[in-house]
Amino acid sequence: MKTVSIPWSAWYNTRKLELNFPEDWEITVSEMRGGTEIGELGIARAFANPIGSPRLEALSKNAKSAAILVDDLSRPTPAYRLLPHIITELSRGGIPVEQIKIICALAAHRPLTRDDLIKKIGIDHVDSMHVLNHNAYENLEFLGHSSRGIPIFVNRDFMSCDLRIALGMITPRGGFFGGGSKLLLPGACGHVTITANHRYVREGFREHLDEVARMADLRFIVNPLLNAELEIIALVTGDPEAAFWKGVEYGKELYRTSIPENADVGIFNAFPKDTEFVQAGLATVPMSGTKKKLLKDGATVVICSASPEGLGWHSVLGPGTALAGKPAPPKRRTILFSPGINRWDAKMKHGEGYIFCKTWPEVLDVLKDSHGAGTRAVVFPCGALQYGGD
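Caption draft 1: The arrangement of the side chain of Gln 279 in detail. With respect to the helices and strands, Gln 279 occurs in the loop between strand E14 (263-269) and helix H10 (285-288). Judged by relative accessible area, which is 7%, Gln 279 ranks as buried.

Take a look at the structure:
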């Protein structure tokens, strides 16, 4: 048997999972370009040279308090590594630690527990600082309507602070990139705002995010880019728009992935966004970002997700929500491989027509029923981070 190792289970005993294939199959592993860890010196250099903005220390001199948005465990952002640099800058500018709030920008996801927070921001910050979970249903401030007519409700604790910062990360999402103002909307907005934004804003999606960021006076972002080992390989800081677009430039190169054509089987791993199954669809980002014909007619797709948290939770786009609607049947034969869920979870999320497998040997048995000698299979080991743009 041929063997390919893929990274598995971000935040939960991260390790390698071995996938076995028949000897007479042709296996291609499409890796992203990646990069090397920039280290503490590289991080400090990024804070000393913000893009389109004075450095955070200077901004702090005109503020008495600060709020820092961080994302949750559905994203691999190593907030615990970057928060000390942010807090140092704020302190040098005159904002005491007692006047800094760390707000988990959950959007429509579940709250973080103490154990989750220790993973995300580090035990020292958990034990010594004012740390809050965003609530999309309460504790909101109404800022008015955006130019698209969307009512904008934002976390009141965030708005109560003078200096507002977002610590997220740059990630490919197929036709666009996440990061920048996206941690504010949907991250720290109300359920009504999140739902309306998803439902009605199609054209100019990023422009609308930036408009809402200006309404909320988001002043500064800190956005790393990561490699397959989840090391920081680049970091942008500064103005929410200027720094974000520089991060996208980096992302198009560092996350760039060679896309083969006319494969019989495409295997997409959701790592490092594989904590819960509701995020598993992000595994196919490389396919949605390319114009190439990656898969031939009659091909099989395999979506892999460790899902240690199980099905997961999304109150706007999760199973049974109005925006999720009735799941559509797959466009091509699709296998859902996830040890962390059962067939009922898979059916709730994706509906009928999908093949659910809990182990890799089950997946391989299903594949061999339709694909024989000479099968061309391509593996995307970090699908949720890989950019297939042409």
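Caption draft 2: Broad picture of the pattern of salt bridges. Scanning the entire structure with this criterion turns up 16 salt bridges. For Arg 114, the salt bridge identified is with Asp 127, shortest N-O distance 3.0 Å. Note that Arg 114 is positioned in helix H4 (residues 114-121) and Asp 127 in helix H5 (residues 123-128), a separation of 13 residues in sequence. Taking relative accessible area as the criterion, Arg 114 reaches 44% and is therefore assigned partly exposed. Salt bridges sharing partners connect three or more residues here, namely Arg 33, Glu 253 and Arg 256.

Caption draft 3: View of the environment of Glu 23. The residue Glu 23 is located in the loop between strand E2 (15-21) and strand E3 (26-29) in this model. Look at Glu 23 and you get exposed, because its relative accessible area is 51%. For the pair formed by Glu 23 and Met 1, sequence separation is 22 residues and the distance between their alpha carbons is 5.0 Å. When sequence neighbours within four positions are dropped, the list of residues in contact with Glu 23 reads Met 1 and Lys 2. One polar contact links the side chain of Glu 23 to the main-chain amide nitrogen of Met 1, over a distance of 3.1 Å.

Caption draft 4: Looking closely at the layout of surface pockets. Of the volumes computed, that of the second largest pocket is approximately 170 Å³. Looking at the second largest pocket, the residues that line it are Ile 38, Gly 42, Arg 45, Ala 46, Asn 49, Ile 51, Ala 234, Leu 235, Val 236, Thr 237 and Tyr 250. At the level of elements, helix H1 (39-48) and strand E13 (232-238) are the ones that each hand at least two residues to the lining of the second largest pocket. Counting residues per element, the lining of the second largest pocket draws most heavily on E13, which supplies four residues.

Caption draft 5: Structural view of H1. Of the residues making up H1, those classed as buried are Gly 39, Gly 42, Ile 43, Ala 46 and Phe 47. Taken end-on, H1 shows its buried residues confined to a sector of 140 degrees, consistent with a single buried face. Facing away from the buried side of H1 by more than 90 degrees, the exposed set consists of Leu 41 and Arg 45. If you follow the buried residues of H1, they end up packed against helix H3 (79-92), strand E12 (220-226) and E13.

Caption draft 6: Region of the structure containing unusual backbone geometry. The omega torsion of the bond from Leu 185 to Pro 186 falls at 20 degrees, within 30 degrees of zero and hence cis. Structurally, Pro 186 is set in the loop between strand E11 (177-178) and helix H7 (191-200). In this chain, Phe 271 is followed by Pro 272 through a cis amide linkage whose omega measures 5 degrees. Positive phi, normally seen in glycine, also occurs at Asp 217, with a value near 55 degrees. Within the element layout of this structure, Asp 217 appears in the loop between helix H8 (205-215) and E12.

Caption draft 7: Broad picture of the packing of H3 against H4. Contact geometry for H3 and H4: axes closest at 6 Å, N-to-C directions at 65 degrees. Accordingly, the angle class assigned to the pair H3 and H4 is roughly perpendicular. Listed contacts from H4 to Ala 79, Tyr 80 and Leu 83 of H3 are Lys 119, Lys 120 and Ile 121. Residues that form the contact of H3 with H4 fall into these classes: four nonpolar, no polar and two charged.

Caption draft 8: Quick look at the sheet that holds strand E4 (residues 66-70). Strand order in the open sheet formed by six strands is E6-E5-E4-E9-E12-E13, with mixed pairing between adjacent strands. At either end of the open sheet lies a strand with only one pairing partner, and these are strand E6 (130-133) and E13. The average undirected angle you get between the axes of adjacent strands in this sheet is 20 degrees. Here strand E5 (residues 100-104) runs beside E6; their pairing, made up of four bridges, is parallel. Of the residues in E6, the one forming a bridge with Cys 104 is Asn 133. Running over the sheet, H1 touches E12 and E13 and is turned about 20 degrees from E13.

Caption draft 9: Representation of the state of the cysteines in the model. If you walk through the whole model with that rule in mind, you get zero disulfides. The structure places no disulfide on Cys 304, whose sulfur is separated from the nearest cysteine sulfur, that of Cys 357, by 10 Å. Classification of Cys 357 as buried rests on a relative accessible area of 2%.

Caption draft 10: View of the pairing of E4. The element E4 is extensively covered by neighbouring structure, given that five of its five residues are classed as buried. Residues Ala 66, Ile 68 and Val 70 point to one face of E4 and Ala 67 and Leu 69 to the other, with burial holding for every one of them. Relative to E5, E4 runs parallel, the two being bridged by five bridges. Bridged to Leu 69 within E5 is Ile 103. As defined by bridge partners, E4 adjoins strand E9 (residues 163-167) across five bridges and the pair is classed as parallel. If you follow Leu 69 over to E9, its bridge partner there is Ala 166.

Caption draft 11: Representation of the packing of aromatic side chains. Summed over all chains, the structure comprises nine aromatic pairs. Ring centres 4.9 Å apart and planes at 40 degrees place the aromatic pair Phe 142 and Phe 153 in the tilted group. Linking Phe 142 in strand E7 (residues 140-145) with Phe 153 in strand E8 (residues 151-155), this pair joins segments that are eleven residues apart in sequence. Its relative accessible area of 43% is what places Phe 142 among the partly exposed residues. On the numbers, 5.1 Å between centres and 5 degrees between planes, the contact of Phe 268 with Phe 380 is stacked. With Phe 268 in strand E14 and Phe 380 in strand E18 (residues 376-380), this pair connects stretches of sequence that are 112 residues apart. Of the residues examined, Phe 380 reaches a relative accessible area of 0% and is grouped as buried.

Basis of the calculations
Residues numbered from 1 in each chain as written. Predicted model: local features only at pLDDT ≥ 70, side-chain atom pairs only at ≥ 80, totals over all residues. Heavy atoms only, no water. Helix = DSSP H or I, 4+ residues; strand = E, 2+ residues; numbered from the N terminus. Buried < 20%, exposed > 50% of the residue type's maximum accessible area, 1.4 Å probe, protein only. Salt bridge = Lys/Arg side-chain N within 4 Å of Asp/Glu carboxyl O. Contact = heavy atoms within 4.5 Å. Polar contact = N/O pair within 3.5 Å; in protein donor to acceptor, adjacent residues only side chain to side chain. 1 Å grid on protein atoms, 1.4 Å probe; cavity = no way out; pocket = protein on both sides within 12 Å on 5 of 7 lines; lining within 4 Å. Points joined across faces, edges and corners; volume = space filled by probe spheres on them. Arc of directions from axis to C-beta. Axes fitted to C-alpha atoms, helices over the stretch in contact; angles between N-to-C directions. Parallel < 35°, antiparallel > 145°, perpendicular 65-115°, else oblique. Nonpolar A, V, L, I, M, F, W, Y, C, P; charged D, E, K, R; others polar. Pairing = 2+ DSSP bridges. Disulfide = S-S within 2.5 Å. Phe/Tyr/Trp six-rings, centres within 6.5 Å; stacked < 30°, edge-to-face > 60°.

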